[in-house]
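# Tertiary structure, described
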Amino acid sequence: MLYICNFRCVSEMSLQELQKLDAALHHPTRTDIGFHPIPSLQQAVEESLRLGLKIYFDIKGCSHLTVKALTELFSRHPELYSKSIVCSFYPMNIIRLRYANPKIVTAFTSRRYWLTHSADNEPYTQPGVWKVLAPVIQYSMNAMWRPLCRFMGVSAVLLHSKMISRELIEDMAYDGISVIAWTVNSQLEKDYLSQTLNISYITDCVKPNPKC
C-alpha cells in the first residue's frame, strides 16, 4: 500500500483520493488486468464473500474506530462469522472486539521484537521516551504472549514462521489454539509446515514462483 500511495499515510487520505490509485500497480499481471481502484471495506468484503474466500481482517495500531467498524460489518454480514477471522498485534484490539461481540473469531499476531525491530531485523528509530519503553514492553510481550492468548480467548495465533516449532504447536493445541505461520514463500518451507507440522500458512505466492 505504501508503494501505491507514494509513502503517504493512508489515514490522511480520503476514500476519493484512494480510489484514484491503482491497486494493481505492482501486480505481476498488471498489463493483463488493467487499472483496479482500491475498494472500500464494504466492497472488498462483498467481493470476497461472492468468491467464497476466507477473510483475515488485520487491525493495524490500537484503533477503537476499526473495532467499531468491524462489529457493524459483522452485523450486516452474519456469514462473516464462519468465513473470517480478525487478527492484530495489539491485545487491546482483540479484547475490545471480544467484549463488543464474543462470537467473532479472533487471532493474536506476533513475531520476535516486533515493537523494536522490523521483519528484516533492522532496529526502528524510536522517538523520545518510547526508545526506553519499547524494549521493556517488548520483553514483557515475549514472556507473556502465550498466557495472554489464553486470557484473550483467541482461536488462533498468527506467528512469524521463524518462531514456530512442533513443541509450540502442541502447547497451543493443548489450549485449543491453532497456529498459523506467516509469511511463507519458500516452497520447501510450505511443504514442511503443511506436510510435516500440519499447520496452515499465509503466503504472497499461491503458485510456485522462485522470484516471490
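Residues numbered from 1 in each chain as written. Predicted model: local features only at pLDDT ≥ 70, side-chain atom pairs only at ≥ 80, totals over all residues. Heavy atoms only, no water.

## Here we look at the overall build of the chain
When its secondary structure is counted, the chain shows nine helices and six strands. In terms of principal-axis extent, the alpha carbons of the chain reach across some 45 × 40 × 40 Å. Scored against the burial criterion, the 212 residues of the chain give a buried share of 36%. Counting only contacts in the chain whose residues sit at least 6 apart along the sequence, the fraction spanning at least 24 positions is 41%. Surface exposure of the chain reaches about 13,400 Å², of which carbon and sulfur atoms provide 58%. Treating the 22 positive side-chain charges of the chain as one cloud and the 18 negative ones as another, the clouds have centres 2 Å apart. (Helix = DSSP H or I, 4+ residues; strand = E, 2+ residues; numbered from the N terminus. Buried < 20%, exposed > 50% of the residue type's maximum accessible area, 1.4 Å probe, protein only. Contact = heavy atoms within 4.5 Å. Areas by Shrake-Rupley, 256 points an atom, 1.4 Å probe, with all protein chains shown as cover. Lys, Arg positive; Asp, Glu negative; His and termini not counted. Charge placed at Lys NZ, Arg CZ, Asp CG, Glu CD.)

## What to know about the pattern of salt bridges
Summed over all chains, the structure comprises six salt bridges. The partner of Arg150 in a salt bridge is Asp171, with the nearest N and O atoms 3.6 Å apart. One end of the pair, Arg150, is in helix α7 (residues 130-152); the other, Asp171, is in helix α8 (residues 166-174), and 21 residues separate them in sequence. We classify Asp171 as partly exposed; its relative accessible area is 25%. Measuring nitrogen to oxygen at the nearest pair gives 2.3 Å for the salt bridge that ties Arg150 to Asp175. Placement of the pair is Arg150 in helix α7 and Asp175 in the loop between α8 and β5 (178-182), with a sequence separation of 25 residues. When its relative accessible area of 36% is taken as the criterion, Arg150 is described as partly exposed. The exposure class assigned to Asp175 is partly exposed, which follows from its relative accessible area of 33%. Here the salt bridges share partners, and the residues they tie into one network are Arg146, Arg150, Asp171 and Asp175. (Salt bridge = Lys/Arg side-chain N within 4 Å of Asp/Glu carboxyl O.)

## Overview of a nonpolar patch on the surface
Among the surface-exposed residues, Val129, Trp130, Leu133 and Ile137 lie close enough to one another that they form a single nonpolar patch of about 340 Å² accessible area. Structurally, Leu133 is set in helix α7. (Patch = residues over 30% accessible without salt bridge, like charges linked within 9 Å, V, L, I, M, F, W, Y side chains within 5 Å.)

## Comments concerning the pairing of β5
Within β5, four of the five residues are buried, which leaves the element mostly enclosed by the surrounding structure. Across five bridges, strand β4 (residues 156-160) lies against β5 in parallel orientation. Bridging across to β5, His160 finds its partner in Trp182. Regarding the hand of the β-α-β motif, the stretch spanning β4, α8 and β5 is right-handed. (Pairing = 2+ DSSP bridges. Right-handed = clockwise from strand over helix to strand, strands pointing away.)

## Some words on the side chain of Ser110
Within the secondary structure, Ser110 sits in strand β3 (residues 106-110). When sequence neighbours within four positions are dropped, the list of residues in contact with Ser110 reads Phe89, Leu158, Leu159, His160, Met163 and Trp182.

## Regarding the confidence of the model for the chain
A residue-level look at the chain finds 90% of positions with pLDDT of 70 or above and a mean pLDDT of 87. Mean pLDDT values for the elements of the chain range from 82 in helix α2 (residues 30-33) up to 98 in helix α5 (residues 80-83). (pLDDT = per-residue confidence, 0-100.)

## As for the nonpolar core
If you look at the biggest cluster of nonpolar residues, it comprises 22 residues, and the most contacted ones within it are Phe108, Trp145, Val157 and Val179. Residue assignment for this core shows that the elements contributing at least two residues are α7, β4, α8 and β5. With five residues, the top contributor of residues to this core is α7. Dropping the residues within four chain positions of it, Val157 is found in contact with Phe108, Trp145, Cys149, Met172, Ile177, Ser178, Val179 and Ile180. Formed by 13 residues, the second largest nonpolar core is a distinct cluster that contains Ile55, Leu70, Leu73 and Ile104. (Core = buried A, V, L, I, M, F, W, Y, C linked by side-chain atoms within 4.5 Å.)

## Overview of the side chain of Asn93
Here Asn93 is to be found in helix α6 (residues 91-100). With a relative accessible area of 0%, Asn93 lands in the buried category. There is a polar contact of 3.0 Å between the side chain of Asn93 and the side chain of Ser88. With sequence-adjacent residues up to four places away left out, Asn93 is seen in contact with Ile59, Gly61, Cys62, Ser63, Val67 and Ser88. (Polar contact = N/O pair within 3.5 Å; in protein donor to acceptor, adjacent residues only side chain to side chain.)

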